[in-house]
Amino acid sequence: QLSKRLETVASFVPKKSRVADIGSDHAYLPIYLVNQGVIDFAVAGEVVKGPFENAKNQIIESGLTEKVIARMASGLNAIEQEDEIDVITICGMGGMLIANILEDGFQEGKLSGKERLILQPNVVEVEVRMWLKNHAYKIVAEEILEENEKIYEIIVAEKSSEEVELSIEEAIFGVELPKKNSAVFVKKWRQEQKHIDRIIENLQKAKKPNLSKITELEGMKKRIEEVLK
Ligand code: SAM
């Protein structure tokens, strides 16, 4: 049984695409996609030996060694040109790490620009959206969901032939998510407001409160209030 989080990621993978799942761990996502008849080929990339072994073993157990290839490599180095990858999934990591993996891959010429990127950062989604904007990837879909008391965002992007516009608000809150304004979205940002309140309270307790930090946090609270209005 795949997690709701990865099932939602899977729902953005077009039929018959060739997928590279970077940081695949048990290779659950590519195995699921093949078993569901969505795809016939995937690479499961892993940089750490333990998870790489997990991926290999799961692929063997599932009888999918012809269709899912585990490769031990950092980031997009798991991708070979002959793979003709057209979807890259990077899930379950921090936004900064995802942005770094994309940047390194970009620098090393691993992105043809034809790939759909399906990204699921656990935190700091803003870094992912900024990377996408700066490299002319347009956000084509977004989702937010809650599972086991954790809230996850999924960002789907494709290369654009034009410059991509993205406001600071959109980078922080998303392009689609504020429009949908789902209960989970509201919950996420209400929680964030409370979190900021606690930080401000603590900062104010200091002998010499860091006023610029407090002002910055107040500004963020205001932004949240605006978006939730
Ligand atoms: N993608 C799976 C998911 O969403 O359930 C597994 C997420 S797991 C928390 C993150 C995985 O990313 C770990 O197995 C870790 O070894 C791997 N990882 C971290 N940095 C990586 C990199 N630069 N290249 C490839 N894999 C990486």
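Residues numbered from 1 in each chain as written. Predicted model: local features only at pLDDT ≥ 70, side-chain atom pairs only at ≥ 80, totals over all residues. Heavy atoms only, no water.

### Describing the overall build of the protein
We apply this condition: A run of H or I in DSSP counts as a helix once it spans at least four residues, and a run of E counts as a strand once it spans at least two, with each numbered from the N terminus. This radius of gyration counts C-alpha atoms alone. The globule rule is 2.2 Å times how many residues there are, raised to the power 0.38. Remark: exposure states derive from per-residue accessible area (1.4 Å probe, protein chains only) relative to the maximum for the residue type, with buried under 20%, exposed over 50%, and partly exposed in between. Only heavy atoms matter for contacts: two residues are in contact if any of them lie within 4.5 Å across the pair. The Shrake-Rupley method, run with a 1.4 Å probe sphere, supplies the accessible areas, and residue values consider only the shown protein chains as cover. Under the counting rule used here, the positive set is Lys and Arg, the negative set is Asp and Glu, and His together with the chain ends is not counted. Here the site of a charge means atom NZ of a Lys, CZ of an Arg, CG of an Asp or CD of a Glu.
Helix and strand counts for the protein stand at nine helices and seven strands. Over its C-alpha atoms the protein spans a radius of gyration of 19 Å, differing by no more than 12% from the 17 Å that the globule rule assigns to 229 residues. The C-alpha extent of the protein, read off along each of the three principal axes, is 60 × 40 × 30 Å. Per-residue burial over the protein gives 46% buried out of 229 residues. When contacts within the protein are restricted to residue pairs at least 6 apart in sequence, long-range pairs at least 24 apart make up 67% of them. Summing over all exposed atoms, the protein offers an accessible surface of approximately 12,200 Å²; the carbon and sulfur share of this is 49%. Counting 32 positive and 39 negative side-chain charges, the protein places the centres of these two groups 5 Å from one another.

### So, the layout of surface pockets
The test is simple: Points on a 1 Å grid over protein atoms alone make up a cavity when a 1.4 Å probe fits among them but cannot get out, and a pocket when they form an open set with protein on both sides within 12 Å along at least five of seven lines; lining residues each have an atom within 4 Å of a point. Grid points are joined across faces, edges and corners, and a volume is the space filled by probe spheres set on the points. Only Asp, Glu, Lys and Arg are considered charged in this grouping, and only Ala, Val, Leu, Ile, Met, Phe, Trp, Tyr, Cys and Pro are considered nonpolar; every other residue, Gly among them, is considered polar. Domain delimitation in this document rests on an assignment produced automatically or drawn from a domain database.
Its boundaries defined by the atoms lining it, the largest pocket holds a volume of some 400 Å³. In this structure, the largest pocket is lined by 13 residues; those nearest its centre are Val123, Val124, Glu125, Lys188 and Glu192. Looking at the lining of the largest pocket, the elements that each hand over two or more residues are helix H5 (125-134), strand S7 (150-159) and helix H8 (183-205). No other element matches the four residues that H8 contributes to the lining of the largest pocket. Of the residues belonging to the lining of the largest pocket, the class tally is six nonpolar, two polar and five charged. Each of domain 1 (4-164) and domain 2 (184-228) accounts for three or more of the residues forming the lining of the largest pocket.

### Describing the domain arrangement of the protein
What counts here: The buried area of a pairing is the accessible area, by a 1.4 Å probe, that goes missing from both parts when the two are put together, added over both. In the sections that follow, a salt bridge refers to a side-chain nitrogen of Lys or Arg positioned within 4 Å of a carboxyl oxygen of Asp or Glu. Think of a polar contact as two N or O atoms within 3.5 Å of one another; within protein, one of them needs to be a possible hydrogen donor and the other a possible acceptor, and neighboring residues in sequence only count if both atoms come from side chains.
One can read the domain layout of the protein as domain 1 (4-164) and domain 2 (184-228). Domain 1 and domain 2 are separated by 32 Å when their C-alpha centres are compared. Every contact between the two is made by six residues of domain 1 and, on the other side, five residues of domain 2. In total, about 500 Å² of surface goes out of reach between domain 1 and domain 2, with carbon and sulfur atoms giving 63% of it. Counting across the domain 1 and domain 2 interface gives three salt bridges. Lys188 is paired through a salt bridge with Glu125; the nearest N and O atoms lie 3.1 Å apart. At the junction of domain 1 and domain 2, the tally comes to three residue pairs in polar contact (both at pLDDT 80 or more). Among the elements of the structure, strand S6 (137-147) and S7 are those that each provide at least two residues to the side of domain 1 that touches domain 2. Here the side of domain 1 that touches domain 2 is built from residues that sort into three nonpolar, no polar and three charged.

### Brief notes about the sheet that holds strand S1 (residues 18-22)
Operational definition: One bridge is not enough; two strands pair if DSSP finds at least two bridges between them. In this analysis an axis means a line fitted to C-alpha atoms, helices contributing only their contacting stretch, and an angle means the value between N-to-C directions, from 0 to 180 degrees.
The seven strands are arranged S3-S2-S1-S4-S5-S7-S6 in an open sheet whose pairing can be described as mixed. The sheet terminates laterally at strand S3 (68-72) and S6, the two strands that pair on one side only. Direction aside, neighbouring strands of the sheet carry axes that sit 15 degrees apart on average. Across the sheet, helix H2 (residues 28-35) touches S1, strand S2 (41-46), S3 and strand S4 (87-93), and the angle it forms with S1 is around 160 degrees.

### Topic: the environment of Val175
By secondary structure assignment, the location of Val175 is in the loop between helix H6 (168-173) and helix H7 (177-180). Taking the C-alpha atoms as reference, Val175 lies 8.8 Å from Val140; in sequence the two are 35 residues apart. Val175 has contacts with Ile139, Glu142, Leu166 and Glu170, leaving out every residue within four places of it along the chain.

### Observations concerning the environment of Val124
Within the secondary structure layout, Val124 lies in the loop between strand S5 (116-121) and H5. Residue Val124 is classed as partly exposed on the basis of its relative accessible area of 41%. Placed 28 residues apart in sequence, Val124 and Met96 show a C-alpha to C-alpha distance of 6.8 Å.

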